[in-house]
Amino acid sequence: MSKGRLVIVGTGMITPKHITQEAINHIKNADCVFYITPDALSTGYLKSLNKNLISLTDCYQQTTHRRDAYQLMVDRVMQEIEKELRVVAIFYGHPGVFVTPSHDLMKLSQERKIDCQMLPGISAEDCLFSDLGIDPGSVGCQSYEATFFLLNKLAINTSSPLIIWQLGVVGDLSFSTQIKPASDGMAMLQNKLELFYPSDHCVTLYEAATLPGFRHRAESVPLSQLSELSINDISTLYIPATTSPEPDNDFVNQWRQLQ
Amino acid sequence: MSNNLLNILNELSSNPELESQYKQDPDSVMSKFELTDDEKSLLKNEDTQGIEAALQLSGDKGSIQKIIKLT
């Protein structure tokens, strides 16, 4: 086994207040820290933890295809691990949620028998549960990326809430490093949702706060007005359940007979 | 780079009591950090992109758009 080590951590949505103590300790003790975070606030904080901080953001400038940019990120991190260094890779939010290179790094490290682990971080979904007062334990929760939702026939369960992610890139099939959402992406999304939900069903556009002291955005409108809303890169859609789950009486009766 | 803007954001992020005060009375908290009128306006308007531009710490300006789409 290589003596190099990889720990993948997340900063949460707001740095430093969301970053975990476990992540901080790994960053402080690393020989080399790669990071890709969206704001100067987090960069300044991470520099205070470890001077050997290397940004991966320029990978986006070196290629036009996102998949190639991710491969560049993986190659850079792996090069340092191969030097038998203790390497930390930092991603925004939860490092394993909507992050391809973190999972690629874990898979490659495991194949090469490199000591590696991914630590949990606070994701946008975690913030949504807190800000909107949603408990996914009550009636479950479905969650899909917006373009994936459009492109696939999914068995949507209207007795459970539905969360649609990344409205800001809905319909982007380019996989380019320059984001190109479809001009009618939100209209397509509204049309598809109206196959499952009534037009007057109240849905909520949600955006987690990304700087301290800032408010989250929670704007509720009838589904029929969804495509009129102003969408940002971090916009998410929350759709409450419209029906109650049908009790499985056959199972309950069988279970009772076994008691 | 604006040290005062960075300072208030760092304090708000690490001091829950101050963040709570800020949410109640932003002007009072901002007055302690010698912010320019433009910086106060950025905070009051919750202008994330404007704040990033004002900080210019990382050289990663504009990266928010890209980073959330790592899929």
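Scoring rules and cut-offs
Residues numbered from 1 in each chain as written. Chains lettered and ligands numbered in written order. Predicted model: local features only at pLDDT ≥ 70, side-chain atom pairs only at ≥ 80, totals over all residues. Heavy atoms only, no water. Pairing = 2+ DSSP bridges. Helix = DSSP H or I, 4+ residues; strand = E, 2+ residues; numbered from the N terminus. Axes fitted to C-alpha atoms, helices over the stretch in contact; angles between N-to-C directions. Contact = heavy atoms within 4.5 Å. Buried < 20%, exposed > 50% of the residue type's maximum accessible area, 1.4 Å probe, protein only. Buried area = accessible area lost by both parts, 1.4 Å probe. Salt bridge = Lys/Arg side-chain N within 4 Å of Asp/Glu carboxyl O. Polar contact = N/O pair within 3.5 Å; in protein donor to acceptor, adjacent residues only side chain to side chain. Nonpolar A, V, L, I, M, F, W, Y, C, P; charged D, E, K, R; others polar.

(A) Examining the sheet that holds strand 2 (residues 32–36) of chain A more closely. Residue and element names in this part refer to chain A. Taken in spatial order, the five strands of this open sheet run 3-2-4-1-5, and their pairing is parallel. The open sheet has two edge strands with one neighbour each: strand 3 (53–55) and strand 5 (115–118). Shown here is a sheet whose adjacent strand axes are inclined to one another by a mean of 20°, direction ignored. Inspection of the sheet shows strand 2 paired to strand 4 (residues 86–91) by five bridges, in the parallel sense. If you follow Y35 over to strand 4, its bridge partner there is I90. Those strands touched by helix 1 (residues 21–29) are strand 1 (5–10), strand 2, strand 4 and strand 5, and its axis lies near 135° from that of strand 1. Sitting on the sheet, helix 3 (residues 66–82) is in contact with strand 1, strand 2, strand 3 and strand 4, with an inclination near 170° to strand 2.

(B) Focus on the pairing of strand 8 (residues 202–207) of chain A. Residues and elements named next belong to chain A. When you tally the buried positions in strand 8, you get five out of six residues, the bulk of the element. Looking at chain direction, strand 8 and strand 9 (residues 217–222) are connected through six bridges and run antiparallel. Its bridge partner lying in strand 9, Y206 is registered against A218. Alignment of strand 8 against strand 10 (residues 236–239), held across three bridges, turns out to be antiparallel. Its bridge partner lying in strand 10, L205 is registered against L237.

(C) Summary view of the side chain of S13 of chain B. Mapped onto the secondary structure, S13 of chain B falls in helix 1 (residues 3–14). Residue classification places S13 of chain B among the buried positions, given a relative accessible area of 5%. Residues contacting S13 of chain B, with those up to four places away along its chain left out, are I14, T15, P16, K17 and P212 of chain A.

(D) Broad picture of the interface of chain B and chain A. Taken residue by residue, the interface counts 27 residues in chain B and 40 residues in chain A. Summed over both sides, the interface of chain B with chain A buries roughly 3,000 Å², with 59% coming from carbon and sulfur. Counting the contacts that link chain B with chain A gives two salt bridges. For E46 of chain B, the salt bridge goes to R215 of chain A, with nearest N and O atoms at 3.0 Å. For the pair chain B and chain A, the number of links is five residue pairs in polar contact (both at pLDDT 80 or more). Listing elements by their share of the side of chain B that touches chain A, those giving two or more residues are helix 1, helix 2 (16–24), helix 5 (48–55) and helix 6 (63–67) of chain B. Taken together, the residues of the side of chain B that touches chain A break down into 12 nonpolar, seven polar and eight charged.

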